[in-house]
Amino acid sequence: MKGRAFFYSFKTRVTLVLILAMVSVTGLNNFLVYRFNLNTHFVQLRHSLMIIAQMAALAVDGETLQKIPLTWDGVRSPAYREVAAKLNKVLEMNKPLQYIYVLTKTKTPGKLKFLFDTEAAGREVQRKRGSARPGDFYDASRFPEMLEGFNAPSADHKLQADPWGVTLSGYAPILGKDGKVIAILGVDILADDISKMQQEIRGRMAVVLLSGVLFCCVLGILIAGSVSNPVRRLTEGTRQLARENLDYRVAVRSRDEIGGLADSFNKMAESLSQSRKRLQNYFFKVTQSLVQALEAKDPYTQGHSKRVANLARKVALELGVSPEKAELIWCVAELHDIGKLVIHETILNKKEKLDPEEWKILKEHPVTGEKILESVLDEELLRVIRSHHERVDGKGYPDGLKGDEIDLSSQIVSIADAYDAMTSIRSYRKPLTPEVAVREIERASGTQFRAEVVSAFLKVVGRPEKMGEPK
Ligand SMILES: [Fe+2]
Ligand SMILES: [Fe+2]
């Protein structure tokens, strides 16, 4: 469930959308740059091959070239060796160039004849093809760029395959003494070497892409945080409001719509807080009137409600109840006996022991009190009115609840009520001293009251040996 909540959270979704958008843009951008780099690299390679071919062609003397006999033994001729010395140097200076060769036209269109090949010149390189000897034929009809080389420097537009392998080549014309084209010089670079170069570009682009993605993730998380944090604070604010914490305010300092929402939220919370205070005031006044009405009927209980309320609040705070809840307990404790309003004074003020019928009527006051305040108090507070005469051993009334079935607030009011009843004067008996009353309550721990409530009560009123009156 936590995983689902994480996935559906506003922050996660904003983060994912932002990261996805930024990664897409970065990825597309990288792809375009990669394609552009590859194309540029290919164009530059073609251009370089043309320049190298042109420079090599210029290094070859046309006259010497024409002296090479077009036979297999031509490789041993001084002219061949002279050309080989120059072109092998060019080859070594231009790595990863693989082959340099010279071809001349024959009478058959598209068919060329080898004049020179660096391989046949015995260069110490890894041989990947057999060498071509002077006079060997080469079919160039499939390679228009090669034939173009007789007119001007040119280069293949794509990788070309021939019996010697897959290569990219550049071509340039070689001029004779009279300035006429006598042959073309070709330079080859192997496809493997090109793919190695492209691999390097790919590697560099992958590093750039990964850095970009990482940057997008960090940026996405930061931006999403700045958007969702105010929303999270607002959500927390509404939660606090739902828990009736009306003093909670949302701290969002921004001028956008969320900032405006936070301002409105704070104003609403302030207004609710004011309304609650007014209602509490109003309720307090009504309570006072009801209590006065009750105490007018039963002069012996004068001040009883107020004393019970004060003591209950202290015990509640001692038990770690929140100040807001202790205040509510104080308020409801004042009303705990309100059900006695409907009991006739003759019963309330009777000096003799009550008969069973009268006792039955008196025991109805918690339920009557609950009915009187039904439309004013919430369920939790009404329970206190109903259960303030319940006992943990189940011998209380009206419901005979046991142990934890009795809520803590009811027990707090119950113990305060019992203590005040014992220590104040009643129509039927004299008051007990506080020491005796406290001992009675101690004795009732675990039967009438919960041990923890008795213990908090003792801390409030003090142990019998060092007691003072509860204030
Ligand atoms: Fe009562
Ligand atoms: Fe009472």
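Calculation rules
Residues numbered from 1 in each chain as written. Chains lettered and ligands numbered in written order. Predicted model: local features only at pLDDT ≥ 70, side-chain atom pairs only at ≥ 80, totals over all residues. Heavy atoms only, no water. Donors = N, O, S within 2.8 Å, 3.2 Å for Na, K, Ca; no water. Buried < 20%, exposed > 50% of the residue type's maximum accessible area, 1.4 Å probe, protein only. Tetrahedral: all angles 85-135°; square planar, octahedral: opposite > 155°, others 65-115°. Domains from an automatic or database assignment. Helix = DSSP H or I, 4+ residues; strand = E, 2+ residues; numbered from the N terminus. Pairing = 2+ DSSP bridges.

K.L.:
I would appreciate a short explanation of the coordination of the iron ion (ligand 2) in the present structure.
P.N.:
Coordination angles at a metal have ideal targets, namely 109.5 degrees for four tetrahedral donors and 90 or 180 degrees for six octahedral donors. The iron ion (ligand 2) binds to the protein through H304 (NE2), H336 (NE2), D337 (OD) and D417 (OD); the donor distances cover 2.0 to 2.5 Å. Along the chain, the residues that donate to the iron ion (ligand 2) are spaced as H-x31-H-D-x79-D. Distance-wise, the iron ion (ligand 1) is placed 3.7 Å from the iron ion (ligand 2), both being coordinated by D337. We classify D337 as buried; its relative accessible area is 4%.

K.L.:
I keep staring at the coordination of the iron ion (ligand 1) and nothing clicks. Help me out?
P.N.:
Protein coordination at the iron ion (ligand 1) comes from D337 (OD), H365 (NE2), H388 (NE2) and H389 (NE2), with a distance range of 2.0 to 2.3 Å. Taken together, the 4 donor atoms coordinating the iron ion (ligand 1) span angles of 85 to 178° at the metal, a pattern that classifies the geometry as irregular. Sequence spacing of the donors to the iron ion (ligand 1): D-x27-H-x22-H-H.

K.L.:
I keep staring at the domain arrangement of the protein and nothing clicks. Help me out?
P.N.:
Many descriptions give the size of an interface as the accessible area lost when the pieces come together. Entries for the protein in the domain assignment read domain 1 (61-194) and domain 2 (298-466). Centre-to-centre, using C-alpha coordinates, domain 1 lies 116 Å away from domain 2.

K.L.:
Any chance you could explain the pairing of strand 6 (residues 165-175) here in plain terms?
P.N.:
Successive residues of a regular strand alternate their side chains across the two faces of the sheet. Across the 11 residues that make up strand 6, a large majority, 8, are buried. The pairing of strand 4 (residues 154-155) with strand 6 spans 2 bridges and is antiparallel. Residue pairing for strand 6: S154 is matched across the bridge by Y171. Sheet topology places strand 5 (residues 160-162) next to strand 6; 3 bridges connect them, and they run antiparallel. Within strand 6, the position partnered with Q160 by the bridge is T167. Taking the residues between adjacent antiparallel strands as the criterion, strand 5 and strand 6 are bridged by 2 residues. With 9 bridges joining them, strand 6 and strand 7 (residues 181-190) adopt antiparallel strand pairing. Paired with A172 across the strands is L185, a residue of strand 7. Linkage of strand 6 to strand 7, two consecutive antiparallel strands, is achieved through a turn of 5 residues, within which G179 is found at a positive phi near 85°.

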